[in-house]
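# Results of the structural survey
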Protein chains: 2
Amino acid sequence: MTVYFEDLSVGEKLSFGAYEVTEDEVLAFAEQYDPQWFHTEPERAREQSPLGGLAASGWHTASMTMRLLVDHHFADAASYGAIGVDELRWPNPTFPGETLSVTVEVIEKTPSESKPDRGVVRTDLTTANADGEPKLTMQPIVLYARRNPGSAEEREE
Amino acid sequence: MTVYFEDLSVGEKLSFGAYEVTEDEVLAFAEQYDPQWFHTEPERAREQSPLGGLAASGWHTASMTMRLLVDHHFADAASYGAIGVDELRWPNPTFPGETLSVTVEVIEKTPSESKPDRGVVRTDLTTANADGEPKLTMQPIVLYARRNPGSAEEREE
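All values derive from a computational prediction rather than experimental measurement.

What follows concerns the interface of chain B and chain A. Contact residues are listed per partner, giving 30 residues for chain B and 30 residues for chain A. Of the roughly 2,500 Å² buried at the junction of chain B and chain A (both faces included), carbon and sulfur atoms supply 59%. When the buried area of chain B at its contact with chain A is split by residue, B:Tyr33, B:Trp59 and B:Arg89 rank highest and sum to 27% of it. Counting the contacts that link chain B with chain A gives 2 salt bridges.

Laying chain B over chain A is done by rotating through 180° and shifting 0.0 Å along the axis; what remains is an RMSD of 0.0 Å. Both chain copies can therefore be described as sitting about a two-fold axis. In terms of proximity to the rotation axis, the leading residue of chain B is B:Asp86, whose C-alpha is 2.6 Å off the axis. Both copies contact each other with a shared surface, as 100% of the interface residues of chain B are interface residues in chain A too.

Under the feature "domain: MaoC-like" (unreviewed entry), the UniProt entry names residues 10–127 of chain A. Across residues 10–127 of chain A, the secondary structure splits into 31% helix and 36% strand, with the terminal C-alpha atoms separated by 20 Å.

What follows deals with unusual backbone geometry. Residue and element names in this part refer to chain A. The backbone of Glu-87 shows a phi angle near 50°, a positive value even though the residue is not glycine. Among the secondary structure elements, Glu-87 is positioned in strand 2 (residues 79–89). Glu-87 sits in the partly exposed class, given a relative accessible area of 45%.

What counts and what doesn't
- Residues numbered from 1 in each chain as written.
- Chains lettered and ligands numbered in written order.
- Predicted model: local features only at pLDDT ≥ 70, side-chain atom pairs only at ≥ 80, totals over all residues.
- Heavy atoms only, no water.
- Contact = heavy atoms within 4.5 Å.
- Buried area = accessible area lost by both parts, 1.4 Å probe.
- Salt bridge = Lys/Arg side-chain N within 4 Å of Asp/Glu carboxyl O.
- Least-squares fit on C-alpha atoms with pLDDT ≥ 70 in both.
- UniProt positions renumbered as here; feature names shortened; annotations may be inferred.
- Helix = DSSP H or I, 4+ residues; strand = E, 2+ residues; numbered from the N terminus.
- Buried < 20%, exposed > 50% of the residue type's maximum accessible area, 1.4 Å probe, protein only.

Rendered as structure tokens:
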């Protein structure tokens, strides 16, 4: 079933996904986009990194989060994409061998005043490992299509 | 010369980089991290995408921005990494064939009270194409080491 603006409720919580983080992928991403030694040199990172070992780039953690969102949510959602993201944080490093999952809570819904065919949904998102340790938190702001654009009933929401 | 906390001034502006966006790279990133048709299907995107053609994933634009930051700034900076990012926005889509550069303005410096060896620097960052059209804006919050940890003079800053 396709998810429209009307199908999301404030307070609703969605949890999904299992992304296995591998050392090969951590290295490949970092070599291309974030070539700092604590992301690209396994031995040096194990011995010297204040992060406690080879860690994924924060942008890699964000990208793996996006893959989980696409596979488990946006593939079946009538979305116009994200306006942006507020309060992106990396409370703990992501390590190879961990498995990431995502929890999203709807915190605000605003029907668009200028465009009656869509609405804005703000969520609290957390990406965590299997022990529940948070790796990334953010507030995505996403545009969804409305199933019934601009009906009187929905304008009153 | 290594850039320390003391070397950055509020109001200072840095501009750098030239990252050429290729269709192959847009497709490779999107297939792995953001497999939505407007990022992965060139012909369909050209004909149907409201973005006006095949566009890079927003997380890809962020990752290319990180590469420019590493190559032109963090490689020579005494940084402890980013705490996070506020107000991440994608005002326009990024297209293959464009060349991205980054402008960073220092907007706030706060010496750490608990750890005299470091300070927090907040910046306004814009990633734009060669015509100056903004593709990504955000406020990174980054920890830098202090050259002279906790000296009396610097505590007064």
